[in-house]
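# Structure assessment
What follows is the residue order along each chain.
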Amino acid sequence: GAGVSQTPSNKVTEKGKYVELRCDPISGHTALYWYRQSLGQGPEFLIYFQGTGAADDSGLPNDRFFAVRPEGSVSTLKIQRTERGDSAVYLCASSLSNTGEQYFGPGTRLTVT
Amino acid sequence: GENVEQHPSTLSVQEGDSAVIKCTYSDSASNYFPWYKQELGKGPQLIIDIRSNVGEKKDQRIAVTLNKTAKHFSLHITETQPEDSAVYFCAQQKQGAQKLVFGQGTRLTINP
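I will try to describe carefully the structure that is included in this document. Just so you know, these numbers come straight off a predicted model, no measurement behind them. (Residues numbered from 1 in each chain as written. Chains lettered and ligands numbered in written order. Predicted model: local features only at pLDDT ≥ 70, side-chain atom pairs only at ≥ 80, totals over all residues. Heavy atoms only, no water.)

## Some words on the state of the cysteines
Residue and element names in this part refer to chain A.
- For the structure on display, the rule yields two disulfides over all chains.
- Through a disulfide, Cys23 is tied to Cys92; the S-S separation comes to 1.9 Å. Negative torsions about the S-S bond denote left-handed disulfides, and the value of about -65° found for Cys23 with Cys92 makes this one left-handed. One end of the pair, Cys23, is in strand β3 (residues 19–24); the other, Cys92, is in strand β9 (residues 88–95), and 69 residues separate them in sequence.
- Of the residues examined, Cys23 reaches a relative accessible area of 0% and is grouped as buried. (Disulfide = S-S within 2.5 Å. Helix = DSSP H or I, 4+ residues; strand = E, 2+ residues; numbered from the N terminus. Buried < 20%, exposed > 50% of the residue type's maximum accessible area, 1.4 Å probe, protein only.)

Below, the structure is given as structure tokens:
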């Protein structure tokens, strides 16, 4: 079956611009997660959705980062006033329940110039 | 804390030999320990996981062992093949939480 998909695969933007990253989870998965992976590091948790609500956003680095999942399926990670330090691969994962295995998408590589 | 220490950072083995990667954790409330394989330009792929109520789990050439007393868990790959070359990440999840906390990764190279 179809796995987690993320678009775009690559995004280059200028410092100060606004970006949106999209995640399509595996069909039927109620839990959705966003992680950020810097070069040479393991993924770091950003935010977790159970259904439509953000159940844990403790990993968001600051208020420039925001995520939504309005219908409990597709999620969008939004970054305002991007900074060069935001450059990383943004990974999305989904799971059948909040205690199930997490399956990752291919990621979006964000480069802020 | 929630840190996971992973060793070694790089590992090179001859094809056909075994590879072992070890992770240690500090939070005794951790109860789920997955391992992910990440190839260049791709997302992490779940390869095996173990929960705290068992000590070992095996799937063909891959096995994971868990020592709750010592707070460490290990990935064992036997009969390694060139396609096993990748970066491997361990992770832990605390009971009641949903986020995964990852180790720093191990770059495994299988030499033909």
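## With respect to unusual backbone geometry
- Backbone torsion omega between A:Thr7 and A:Pro8 reads -10°, so that peptide bond is classified as cis.
- Following the sequence through the fold, A:Pro8 ends up in the loop between β1 (5–7) and β2 (10–13).
- Following B:His7, the chain continues into B:Pro8 via a peptide bond in cis, with omega recorded as -5°.
- A positive phi angle, close to 45°, is found at A:Arg81, a residue other than glycine.
- Residue class for A:Arg81 comes out partly exposed when judged on its relative accessible area of 47%.
- One non-glycine residue, B:Gln60, lies in positive phi territory at about 55°.
- Checked against the element boundaries, B:Gln60 lands in the loop between β6 (56–59) and β7 (62–67).

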